[in-house]
Amino acid sequence: MQFTRKDFPEDFLFGVATSSYQIEGHAFGGAGRTHWDDFAATPGNVVRAENGDRACDHYHRYEADLDLVKAAGLDAYRFSTSWARVLPEGRGAVNQAGLDFYDRLTDAMLERGIKPCATLYHWELPSALADLGGWRNRDVAHWFGEFTEVLMKRIGDRMHSVAPINEPWCVAWLSHFMGLQAPGIRDIRATARAMHHVLLAHGRAIEVMRGFGMTNLGGVFNMEWATPADDTEDARHATELYDGIYNRWFTGGVFKGEYPQIVLDGLEPHMPANWQDDFGLITQKLDWCGLNYYTRKVIAPSKGPWPSLQEVEGPLPKTFMDWEIYPQGLSQFLTRLATEYTGDLPLYVTENGMAAPDPLVAGGVDDQDRIAYLDDHLAEVRKAIAGGAPVKGYFAWSLLDNYEWSLGYEKRFGLVHVDFDTLERTPKASYHALARALTE
């Protein structure tokens, strides 16, 4: 690595991130069925119809995994909780084994001096709530508030930070307009409602946690820098619309109490009744803002119905996800967030990383490409800080190779290699390089 801790402010947090369904093993501990189980069981949705039944078996191996976090010299662990593990039907009866697991996990972090940074929801909606319309149903905000209350009564007193929902664009647009993730819907009316209700649920969860006296509460938004394919007015308009859908809708709703008009031009006819009245709840005060950043997209206009745009291949080097490597977008977003949305609010890079084939050979995994990726993006974090952006931490995605949703177990993002047959963990060269940067 081309940096050490000394290159960052003294209070800067270094962490690593994971998510519940991707690593825990959802077949264990009395967890209820989720719409991801249903999506994966539907032919054609997921590579080899793979699911999260076993994943990395973090449910049983969490102590050894947290030992890896500690040994790397990381300050914090960003984990997510499974709604269906705590409330198998999404509401009503509590699965005490699920609460006990997150209680043990929290204590294990604290015993190792690791700050617990929780995300309440990382995409695995209980199937029983999906049956009732899921994110299309306004009641989802109430159900999510109940889940928040049950879980935070148990572990909220020991959290360093909490965010309600990971990547609302994925929850709403990717899953209800593009249909690429659970519940796999392609419906503009469902999309408009999900785009609004996901923020309503975010606000309700913040309200519940404030009621417990909790602090250090934030929101986590995924963003992709958008670049026009050419210098035409049509390409610039398509890019502005993509930026509005992907990046500005959610931060605009949460921090400004408004949605970008360029997106409302297409979605407003499909929005729920009286949606404008909900911003009082959506704009609950936050203590920090998190940014998940991986890539940029090159955008061109297309013929056809709204939004009449398409992604085209860009010229930059790409990761194993076929995503362009564009580190500059990270500093650009951090600066834009501070300037246009969050002001002096602390900013965190809550996810950043790359997928690679990462074959395990004698001596381990020599993932120099990942080392270069992390170096280049952390250089952009330093650039944003030097420019005045109040960036307070960076979380690499991910600790472990894991279940990569519709791509099954093919795409490896981990600092630690996982053999999905034996479940053996092998730290990669990137893990060792990061550990040296943080501890030497």
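Rules used in this analysis
Residues numbered from 1 in each chain as written. Predicted model: local features only at pLDDT ≥ 70, side-chain atom pairs only at ≥ 80, totals over all residues. Heavy atoms only, no water. Buried < 20%, exposed > 50% of the residue type's maximum accessible area, 1.4 Å probe, protein only. Helix = DSSP H or I, 4+ residues; strand = E, 2+ residues; numbered from the N terminus. Contact = heavy atoms within 4.5 Å. Expected span 1.5 Å × (residues − 1). Core = buried A, V, L, I, M, F, W, Y, C linked by side-chain atoms within 4.5 Å. Phe/Tyr/Trp six-rings, centres within 6.5 Å; stacked < 30°, edge-to-face > 60°. Lys NZ or Arg CZ within 6 Å of the ring centre and 35° of its normal. Pairing = 2+ DSSP bridges. Disulfide = S-S within 2.5 Å.

1. Quick word on helix α15 (residues 429-439)
Here's step 1: Most of α15 sits inside the fold, with eight of its 11 residues counted as buried.
Here's step 2: For α15, every residue scored as buried is listed here: Ala429, Ser430, Tyr431, Ala433, Leu434, Ala435, Ala437 and Leu438.
Here's step 3: Check the buried side of α15 and you find it contacts β1 (13-17), α3 (58-71), α14 (368-386), β10 (416-418) and β11 (425-427).

2. A word on helix α5 (residues 96-111)
Here's step 1: Its 16 residues place the ends of α5 22 Å apart at the C-alpha level, agreeing with the 22 Å of an ideal helix rising 1.5 Å per residue.
Here's step 2: Within α5, burial applies to Gly98, Leu99, Phe101, Tyr102, Asp103, Leu105, Thr106, Ala108 and Met109.
Here's step 3: For α5, the elements touching its buried residues are α1 (20-23), α3, β2 (76-80), α4 (83-86), β3 (115-121) and α7 (140-155).
Here's step 4: Just downstream of α5 lies Gly113, where phi reads positive at about 75°.

3. Observations regarding the nonpolar core
Here's step 1: Tyr77, Trp83, Trp135 and Trp249 are the most contacted members of the largest nonpolar core, which has 138 residues in total.
Here's step 2: It is helix α9 (residues 188-211) that contributes the most residues to this core, 10 residues altogether.
Here's step 3: Counting residues in hydrophobic clusters, the runner-up holds eight residues, among them Ala76, Ala163, Val220 and Trp288.

4. Description of the packing of aromatic side chains
A ring pair, where both rings are aromatic, is described by two values, the distance of the centres and the angle of the planes.
Here's step 1: Evaluation of the coordinates by the stated rule reveals 40 aromatic pairs.
Here's step 2: Note on Tyr21 and Trp405: the rings are 5.9 Å apart at their centroids and 10° apart in plane angle, and the pair reads as stacked. One end of the pair, Tyr21, is in helix α1; the other, Trp405, is in the loop between β9 (391-397) and β10, with 384 residues separating them in the sequence. The residues Tyr21 and Trp405 share a single accessibility class, namely buried.
Here's step 3: Summarising the aromatic geometry, the rings of Trp123 and Trp405 are spaced 4.8 Å apart at their centres and angled 40° between planes, so their arrangement reads as tilted. Here Trp123, found in the loop between β3 and α6 (127-130), pairs with Trp405, found in the loop between β9 and β10; they are 282 residues apart in sequence, far enough to count as distant.
Here's step 4: Here the aromatic cluster, defined as three or more aromatic residues joined through ring pairs, consists of Tyr21, Trp36, Phe39, Trp123, Tyr403, Trp405, Tyr409 and Phe420.
Here's step 5: Here the guanidinium or amino end of Arg85 rests over the ring plane of Phe101, the centre of that ring lying 5.6 Å away.
Here's step 6: Sitting above the plane of the Phe320 ring, Lys411 keeps its charged end 3.9 Å from the centroid.

5. Looking at the environment of Asn95
Here's step 1: With respect to the helices, strands and loops of the structure, Asn95 is situated in the loop between α4 and α5.
Here's step 2: Accessibility expressed as a relative area gives 13% for Asn95, which makes it buried.
Here's step 3: Taking the C-alpha atoms as reference, Asn95 lies 41 Å from Val381; in sequence the two are 286 residues apart.

6. Side note on the pairing of strand β8 (residues 347-351)
Here's step 1: Judged by how many residues are buried, β8 sits mostly within the fold: five of five residues are covered.
Here's step 2: Where strand β6 (residues 288-301) and β8 come together, four bridges link them in parallel fashion. Bridge pairing links Gly290 to Tyr348 in β8.
Here's step 3: By the bridge criterion, three bridges tie β8 to β9 in an arrangement that is parallel. If you follow Tyr348 over to β9, its bridge partner there is Gly393.

7. As for the state of the cysteines
Here's step 1: Here the structure, examined in full by the defined rule, presents zero disulfides.
Here's step 2: Of all cysteine sulfurs, the one in Cys289 lies closest to Cys117, which takes part in no disulfide; the gap is 15 Å.
Here's step 3: Cys170 takes part in no disulfide bond, and the closest cysteine sulfur, belonging to Cys289, lies 15 Å away.
Here's step 4: On the basis of relative accessible area, Cys170 is assigned to the buried category, the value being 5%.

On their own, these measurements won't tell you what the molecule is for.
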